Amino acid sequence: MRPILSLVPALLLAALLAGCRQSAGGTPIPTQPAPDATIEATAEVTLNAESLTVTIALTDEVLLVGVAPVTVTVTDADGEPVTGATVALRADMTHAGMAPVLASAEETGDGVYVAQVDWNMGGDWVLTITATTPDGRTGSATLETRVES
Amino acid sequence: MTPASIPQAATRFDVLRLPLIGRLLRWRWGRLAVQIPMFALAALLVYDGFTGSPLASQNLATVAPWVHYRGLIIIALFFVGNLFCMACPFTLPRTLGKRLSLSKRRFPRVLRSKAVAIASLFALFFAYEWLDLWASPALTAWVIVGYFVASFAFEAFFGESAFCKYVCPLGSFNFVYSTVSPLQISVRDASVCQTCVGKECVNGSYSPQPVVLIDSIGVNGAPDITHTHTPQGIPGCGTLLFAPQMQSNLDCTLCLDCARACPHGNVGLFGRGIGAELSRPKAWPARYDVAFLVIALAFMGLVNAFGMVPPVYDLMQRISDTLGLRALGLTDMGIETIALGLIFVVGGLIAPIGLSLAAAGAARALTRTTKRDNLRVALTTFAPAFVPIGLGFWAAHYGFHFLIGLFSIVPVTQGFLLDHGITLFGQPNWALGGITDLTVIGAFQAIVVIAGYGASLWTAQKIALRAYKRQGFTGLLPWALLFTLMLLAGLWLFSQPMEMRGTVLFD
Ligand code: SF4
Ligand code: SF4
Ligand SMILES: [Cu+2]
């Protein structure tokens, strides 16, 4: 009977060791430096007679887990750049229960706004961008994208 | 009939004898009192699922079931018991069906097996990955509606609670893992049951067809006592369990109808050691269907989590390449169906059945018990040992979503209220998530997986010593090997980063 009782801790230890080696290999969700993944978003804004349309194009095919800049361009109905707007970004994972990543974009000039978004997990994401001008016009755009871990 | 291993003294801890809560639970409408809030909640989820935000992380229909329900269920099963079935809202319209006395027939004999439950669990887990239920409030709402319809339909057609006992995947999951729960239905005094005429705990004080027949035959052939059936009485055990013989929580929905129906107040909800029944001899029927349910569910725990880590996408791509699916002109969805289906069938059905049969065969051969035990006995004896390791896998996966999204229900609820003009609870703070440190969650996952493994080995060791005596060590070996393989698979899996993709694109 004695060997059988010693089997359990021995197996446990072996498994534990194997497990540690394994998990050291694939550390969960590393903050790998993302390559120059840049999402460019062009927003055309309309209120009343003016319309704001937002189109977003992904410049890189693969977005990796980590912080990556998102560029948003806001233009009005005439295609003129809109300056001084507040641009808010919200990135939601498609899986329930994941807190969204919120960011606001800094204006870098001429209707171009850049935000640093922390893509903190691999999977499908929905990026929602809302631009608000000081005189109250708003426009928004959404973009579905994939982040690989 | 009463097992000697269960102490019969009234000194046992009995929830139903607790001052306030006991009275509440035994109260005729006690179950209804917890079902109604759950029903309202289910209705709310369906409503939000169909009308609210299509984003899963902002809709109650997806957050409540996939994040909170699944986490809370594990906690409840481990620390208390099958509380979800107790409060199950799906049985409400069903009870109506029963009260209307529409049901006469018994569930078809061929279907009276856990094979149906295995199929429905398989279907739910497959649909979850394949249709990305976790990403779709509307689809999740449809699943909830489907539960109500199915539960009602089964009750309308069949006498016993066939849906709970054979079909419901949630119930089947809860039955399996409530075998670790520290509470179990049993009787206070076995001798009372021996002289009990009505056996109301199982027959009910009304019943379309009594399970244990009690009409005694009189001198002239006419019955002395006849059981009268009216739809007004207290129903007996819907899943046909007989309180004085119960040794296991399998199939017990914790509805407490037995306690309400027993005219002798003999039924209690007694305390026991966590996982006590797993190593108790003959607590479970020696049936293949029951054994495979438990074993397959442990493997499905791995497969279900595997569907959410990057290697699954590589594997699906490789399956597609190997089978030349792209060349066949299939769509991405078509390829995913086949590739994911293969992974599920192999990992969730073929592997558990094949590997456990192999382990049982090896144990039998090594211990030279081939004459004494057939393969079925060799396998089913060890089936309970798969409960802890399986629970560990599910706790690791569901725990991940639960911990990372712990408070996400708060802003989602606030958002829902705001959408309906209720400003009382303020603006939602969307940054409210849960535990953000993934190393903490990773450590939790490793601990529960290893703890489950340890408990499985310990259980298997007790079973082996009992079944194979001095050959116990030898008989344990094949099972220990299988558990160790499962452990390694689990540790590898849960050390992978999560990557929750919806549509999969193939090269
Ligand atoms: S539990 Fe109650 S109803 Fe059931 S057999 Fe015992 S005494 Fe009778
Ligand atoms: S009636 Fe049956 S299912 Fe309900 S609590 Fe009693 S034994 Fe469990
Ligand atoms: Cu998951």
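Owing to the predicted nature of the structure, the values given are computational and were not obtained by experimental measurement.

Student: Would you mind going over the coordination of the copper ion (ligand 3) with me for this structure?
Tutor: Angles at a metal have ideal values that depend on geometry: 109.5 degrees with four tetrahedral donors, 90 or 180 degrees with six octahedral donors. Residues and elements named next belong to chain B. Only Met308 (SD), His397 (NE2) and His401 (NE2) from the protein reach the copper ion (ligand 3) as donors, at distances of 2.0 to 2.1 Å. When the donor residues of the copper ion (ligand 3) are listed from N- to C-terminus, their spacing reads M-x88-H-x3-H. Highlighted residues: Met308 in the loop between α13 (288-306) and α14 (311-323) and His397 in helix α17 (residues 386-404), separated in sequence by 89 residues. The two residues Met308 and His397 agree in class, both being buried.

Student: How do you make sense of the site of ligand 2 when you look at a structure like this?
Tutor: If you check the shell around ligand 2, you find B:Ile185, B:Cys237, B:Thr239, B:Leu241, B:Met246, B:Cys252, B:Thr253, B:Leu254, B:Cys255, B:Leu256 and B:Cys258 and nothing else. In terms of residue class, the shell around ligand 2 is made up of nine nonpolar, two polar and no charged.

Student: Just to check I follow, could you spell out the confidence of the model for chain A for this structure?
Tutor: Detailed reading of predicted coordinates is not advised where the pLDDT is low. All names here are of chain A. Confidence in the prediction of chain A, expressed as mean pLDDT, is 67, and 58% of residues score 70 or more. By mean pLDDT, the top-scoring element of chain A is strand β5 (residues 86-93) (89), and the lowest-scoring one is helix α1 (residues 2-25) (45). Long-range and interchain partners of residues 1-6, a stretch whose pLDDT sits below 50, account for eight contacts in this model, where long-range means more than four residues apart. Scored below 50 in pLDDT, residues 42-53 makes 42 contacts in the model with residues more than four places away or belonging to other chains.

Student: What's the story with the environment of B:Thr370 in this structure? I'm lost.
Tutor: Looking at the secondary structure, you find B:Thr370 in the loop between α15 (332-366) and α16 (375-380). Separated by 65 residues in sequence, B:Thr370 and B:Ala305 have C-alpha atoms that sit 37 Å apart.

Student: What is the right way to look at a positive patch on the surface in this model?
Tutor: Residue and element names in this part refer to chain B. Together, Lys282, Lys462, Arg466 and Lys469 make up a positively charged patch on the protein surface. With respect to the helices and strands, Lys469 occurs in the loop between α19 (438-468) and α20 (472-494). Overall, the relative accessible area of 53% leaves Lys469 in the exposed class.

Student: Which parts of the structure should I look at to understand α14(B)?
Tutor: Residues and elements named next belong to chain B. Its 13 residues place the ends of α14 18 Å apart at the C-alpha level, agreeing with the 18 Å of an ideal helix rising 1.5 Å per residue. Within the span of α14, buried status applies to Pro311, Val312, Tyr313, Met316, Gln317, Ile319 and Ser320. Check the buried side of α14 and you find it contacts α13, α15, α20 and β3 (499-500). Of the residues flanking the end of α14, it is Gly324, one or two places downstream, whose phi is positive at about 60°.

Student: I keep staring at the confidence of the model for chain B and nothing clicks. Help me out?
Tutor: Residues and elements named next belong to chain B. Across chain B, the average pLDDT comes to 88, with 91% of residues at or above 70. Segment residues 1-9: pLDDT under 50, and 18 contacts once partners within four positions in sequence are set aside and those in other chains are kept. For this predicted complex, the interface score ipTM comes out at 0.76, alongside a pTM of 0.86.

Student: I'm lost on the pairing of strand β8 (residues 122-132) of chain A in this one. Help?
Tutor: Within a regular strand, side chains alternate between the sheet's two faces. Residue and element names in this part refer to chain A. Burial runs high along β8: eight of the 11 residues are buried. Pairing geometry for β5 and β8, over eight bridges, is antiparallel. Counted as the bridge partner of Asp92 is Val126 from β8. Following β8, the chain reverses through five residues before pairing antiparallel with strand β9 (residues 138-148); Gly136 in that reversal takes a positive phi of roughly 95°.

Student: Could you clarify how one ought to interpret the site of ligand 1 in this entry?
Tutor: In the vicinity of ligand 1 there are 13 residues, among which B:Cys193, B:Cys196, B:Cys201, B:Cys262 and B:His264 approach most closely. Residue composition of the shell around ligand 1, grouped by class: nine nonpolar, two polar and two charged.

Student: What should I look at first to understand the side chain of B:Lys165 in this one?
Tutor: All names here are of chain B. Along the polypeptide, Lys165 turns up in helix α8 (residues 162-167). Residue classification places Lys165 among the buried residues on the basis of a relative accessible area of 10%. Only 2.6 Å separates the side chain of Lys165 from the backbone oxygen of Thr239, close enough to count as a polar contact. A distance of 3.1 Å separates polar atoms of two side chains, one belonging to Lys165 and the other to Asp251. Leave out the neighbours within four places in its chain, and Lys165 touches Lys114, Phe175, Thr239, Leu240 and Asp251.

Student: Just to check I follow, could you spell out the packing of aromatic side chains for this structure?
Tutor: Aromatic ring pairs are reported here in terms of the distance separating the ring centres and the angle at which the planes meet. Under the criterion given, the structure shown has 30 aromatic pairs over all chains. With a centroid separation of 4.9 Å and 80° between ring planes, the pair formed by B:Tyr69 and B:Phe84 is classed as edge-to-face. Placement of B:Tyr69 in helix α3 (residues 60-79) and of B:Phe84 in helix α4 (residues 83-86) is noted, with a sequence separation of 15 residues between them. Consider the rings of B:Phe154 and B:Phe158, whose centres lie 6.2 Å apart with planes at 40°: the pair is tilted. Here B:Phe158 falls in the buried class, since its relative accessible area comes to 14%. These aromatic residues form a ring-pair network of at least three members: B:Phe39, B:Tyr69, B:Phe84, B:Phe90, B:Tyr147 and B:Phe148. If you follow A:Arg90 out to its NZ or CZ, it ends over the ring of B:Trp430, 4.3 Å from the centre.

Student: Looking at this model, I keep getting lost on a nonpolar patch on the surface. Mind explaining?
Tutor: Together, B:Leu72, B:Ile75, B:Phe78, B:Phe79, B:Val80, B:Leu83 and B:Ile274 line one region of the surface with nonpolar side chains, adding up to about 590 Å² of accessible area. Within the secondary structure, B:Leu83 sits in helix α4.

Student: Please clarify how the pairing of β5(A) should be interpreted in this entry.
Tutor: Residue and element names in this part refer to chain A. Counting buried positions over the eight residues of β5 gives six, a clear majority of the element. Direction of pairing for β5 relative to strand β6 (residues 101-109): antiparallel, over a ladder of five bridges. Opposite Ala91, over in β6, you have Val101 as the bridge partner.

Student: Help me out: how do you make sense of the environment of B:Trp479 in this one?
Tutor: Residue and element names in this part refer to chain B. With respect to the secondary-structure elements, Trp479 resides in helix α20. Judged by its relative accessible area of 0%, Trp479 falls in the buried class. Ignoring any residue separated from it by four or fewer positions in sequence, one finds Trp479 in contact with Ser356, Ala359, Ala360, Ala363, Ala378, Leu379, Phe382 and Phe386.

Definitions and cut-offs
Residues numbered from 1 in each chain as written. Chains lettered and ligands numbered in written order. Predicted model: local features only at pLDDT ≥ 70, side-chain atom pairs only at ≥ 80, totals over all residues. Heavy atoms only, no water. Donors = N, O, S within 2.8 Å, 3.2 Å for Na, K, Ca; no water. Helix = DSSP H or I, 4+ residues; strand = E, 2+ residues; numbered from the N terminus. Buried < 20%, exposed > 50% of the residue type's maximum accessible area, 1.4 Å probe, protein only. Near = heavy atom within 4 Å. Nonpolar A, V, L, I, M, F, W, Y, C, P; charged D, E, K, R; others polar. pLDDT = per-residue confidence, 0-100. Contact = heavy atoms within 4.5 Å. Patch = residues over 30% accessible without salt bridge, like charges linked within 9 Å, V, L, I, M, F, W, Y side chains within 5 Å. Areas by Shrake-Rupley, 256 points an atom, 1.4 Å probe, with all protein chains shown as cover. Salt bridge = Lys/Arg side-chain N within 4 Å of Asp/Glu carboxyl O. Lys, Arg positive; Asp, Glu negative; His and termini not counted. Charge placed at Lys NZ, Arg CZ, Asp CG, Glu CD. Expected span 1.5 Å × (residues − 1). Pairing = 2+ DSSP bridges. Polar contact = N/O pair within 3.5 Å; in protein donor to acceptor, adjacent residues only side chain to side chain. Phe/Tyr/Trp six-rings, centres within 6.5 Å; stacked < 30°, edge-to-face > 60°. Lys NZ or Arg CZ within 6 Å of the ring centre and 35° of its normal.

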